[in-house]
Amino acid sequence: MTLLETERVTVSPLRRRTTPRRKGGGRAGYFFVAGYAVLLLAFGVFPTGYAFYLSLTNDRGQFTGLNQFTKVIQDYRFAPAFTHMLVYLVMWLVTLVVLVVLTAVILRSRVRPGTSALFRFLYYIPGALAGVASVLVWLFMLDPDVSPVSRLLTALGFKTFAAVLAPGNLPLVLMLIAFWTGAGGWMVVMYGALNNIPDEVLEAARMDGAGPWRTAWHIQIPMIRQWIVYMTIMAFATGTQLFVEPQLLQTASLGRVSPTWSPNQLAYVYAFQQGDFNGAAAISVVLLAVGLLAAGLLVARSNLFKLDEK
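Residue positions are given per chain, counted from 1 along the sequence in the order it is written. Restriction of local features to residues with pLDDT of at least 70 applies here, the model being predicted, together with a cutoff of 80 or more for giving and counting side-chain atom pairs; totals for whole chains, interfaces and linings are based on all residues. Think of the side-chain values as coming from all heavy atoms in the structure, minus any hydrogens and water.

**Student:** Just to check I follow, could you spell out the overall build of the chain for this structure?
**Tutor:** By the criteria applied, helices consist of DSSP H or I runs no shorter than four residues and strands consist of E runs no shorter than two, each listed in order from the N terminus. A count of helices and strands for the chain gives 15 helices and zero strands. Counted over contacts in the chain with a minimum sequence separation of 6, partners at least 24 positions apart contribute 66%. The method behind every accessible area is Shrake-Rupley, applied with a 1.4 Å probe, and residues are considered shielded solely by the protein chains displayed. Per element, the accessible surface of the chain, about 19,700 Å² overall, is 66% carbon and sulfur. By the convention used here, residues are in contact when the closest approach between their heavy atoms is within 4.5 Å.

Okay, here's the thing in structure tokens:
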């Protein structure tokens, strides 16, 4: 055996022993996920399963098939509630996606880092308010008698609080409340996503003659498409759960707003005014199906969970 062969024999085992196999390396991950898994089962999976059970039975626990769904769909309040929600969702999602992405691109490309940090902080402040507090703020803002922008409201033809809360104006009013509350946090998220784009890519675009808007449309927005889809899914899920805002507006308007304006309000009436928890569960399952269908279509069309090939 030569000296070189002896060195290989003696050194190689030592090298292998310097990188011992880690035992139980994944246990820490399971430990950190366990708390979320328990809460998900307790407040997500089990209530959803119970809602499915209630929607397929009557108040005596007897299996009734799809009778509960047929009953609530034939209710004269069902179609208007879902129509209101659909109109609100279209206005809310279009406004959110366009203005949030546009603002994030401007902050990333046209505003100095120190100034953009100040703007991001100011945008996020309304999101720190609870939903009830946000509605109360907007009730004050939309009342021409006390609003600081009363002249603007009067110029637009809204001379009384009742005129502002007319049924045709409610989707716009609720969209303004939702945007003011939730858009700032998403602006911060989109700004962070834009910061992950390599500077070399943006520099190459500038060298090819692309201006700020062409760079944003052809490079920045496509590269954060998955984040935009994620924002849309989460905003859609939030929009289908609309309850606090129209409920408070209904109280503040002294009954001018319908107590079953949104599907969640209709489910609340079924459960706590009519004592029909099975019908309320059927409405909840319909809302869940709508949300899952919309999320599935967005995920499938956008390849949201597609892993990058290395």
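**Student:** Can you walk me through the side chain of Thr95 in this structure?
**Tutor:** Mapped onto the elements, Thr95 comes out in helix α4 (residues 78-110). Any pair of nitrogen or oxygen atoms within 3.5 Å is treated as a polar contact; in protein, a donor-acceptor pairing is required on top of that, and neighbouring residues in sequence qualify only through side-chain atoms on both sides. Only 2.7 Å separates the side chain of Thr95 from the backbone oxygen of Met91, close enough to count as a polar contact. Apart from the residues within four sequence positions on either side, Thr95 is in contact with Val100, Met175 and Phe179.

**Student:** Even after reading the chapter, I still don't get the confidence of the model for the chain, so can you show me in this structure?
**Tutor:** Parts of the model with low pLDDT should not have their predicted coordinates read in detail. Of the residues in the chain, 86% have a pLDDT of 70 or more, and the chain-wide mean is 83. Per-residue confidence from the predictor is reported as pLDDT, a score between 0 and 100. Below pLDDT 50 for its whole length, residues 1-17 participates in three contacts with residues either more than four positions away or in separate chains.

**Student:** Can you walk me through the nonpolar core in this structure?
**Tutor:** Soluble globular proteins tend to bury their nonpolar side chains together. By size, the foremost hydrophobic cluster in this structure holds 63 residues, and its most contacted members are Tyr88, Trp92, Leu96, Val100, Phe179, Met231 and Leu249. Considering each element in turn, this core owes the most residues, 13 residues, to helix α9 (residues 170-195). To form a nonpolar core, buried Ala, Val, Leu, Ile, Met, Phe, Trp, Tyr and Cys residues must be joined to one another through side-chain atoms within 4.5 Å. Throughout, exposure labels follow a simple rule: accessible area from a 1.4 Å probe, protein chains only, divided by the maximum for the residue type, with under 20% read as buried, over 50% as exposed, and the rest as partly exposed.

**Student:** What exactly am I supposed to notice about the pattern of salt bridges here?
**Tutor:** When charged atoms on two side chains of opposite charge get close, those side chains can pair. Salt bridge criterion: a side-chain nitrogen from Lys or Arg within 4 Å of a carboxyl oxygen from Asp or Glu. In the structure shown here, the tally under the stated rule is five salt bridges. The partner of Asp276 in a salt bridge is Lys71, with the nearest N and O atoms 2.5 Å apart. Taken together, the residues span a long stretch of sequence, with Asp276 in the loop between α14 (263-272) and α15 (277-302) and Lys71 in helix α3 (residues 67-73) at a distance of 205 residues. For Asp276, a relative accessible area of 16% puts it in the buried group. The partner of Asp75 in a salt bridge is Arg77, with the nearest N and O atoms 2.8 Å apart. Overall, Asp75 belongs to the buried group, its relative accessible area being 11%.

**Student:** What is the right way to look at the environment of Thr232 in this model?
**Tutor:** Within the fold, Thr232 resides in helix α12 (residues 225-240). You can call Thr232 buried: its relative accessible area is 15%. Distance in space between the C-alpha atoms of Thr232 and Leu298 is 8.6 Å, their sequence separation being 66 residues. Among residues more than four places away in sequence, those in contact with Thr232 are Leu93, Val97 and Leu298.

**Student:** Explanation requested: the packing of α9 against helix α13 (residues 244-252) in the structure shown.
**Tutor:** Where α9 meets α13, the closest approach of the two axes is 10 Å, and the angle between their N-to-C directions is 120°. Accordingly, the angle class assigned to the pair α9 and α13 is oblique. Taken as a pair, α9 and α13 cross one another with a handedness that is right-handed. The segment α9 lies against α13, with Leu170, Val173, Leu174 and Ile177 engaging Glu245, Pro246 and Leu249. To get an axis, fit a line to the C-alpha atoms, keeping to the stretch in contact for a helix; angles then go from 0 to 180 degrees between the N-to-C directions. Orientation labels follow simple angle bins: below 35 degrees gives roughly parallel, above 145 gives roughly antiparallel, 65 to 115 gives roughly perpendicular, and whatever is left gives oblique. Crossings are sorted by hand: turned counterclockwise from the far helix by less than a right angle, the near helix makes the crossing left-handed, and turned clockwise it makes it right-handed.

**Student:** Looking at this model, I keep getting lost on the packing of α4 against α12. Mind explaining?
**Tutor:** Two measures define how a pair of helices packs: the angle their axes make with one another and the distance between the axes. At a closest axis distance of 10 Å, the pairing of α4 and α12 adopts a crossing angle of 150°. If you check the angle between α4 and α12, you find them roughly antiparallel. The handedness of the crossing between α4 and α12 is right-handed. Contacts between α4 and α12 pair Met85, Tyr88, Leu89, Trp92, Leu93, Leu96, Val97, Val100 and Val101 from the former with Ile228, Met231, Thr232, Ala235, Phe236, Gly239 and Thr240 from the latter. Asp, Glu, Lys and Arg are counted as charged, while Ala, Val, Leu, Ile, Met, Phe, Trp, Tyr, Cys and Pro are counted as nonpolar; the rest, among them Gly, fall into the polar class. Taken together, the residues that form the contact of α4 with α12 break down as 13 nonpolar, three polar and no charged.

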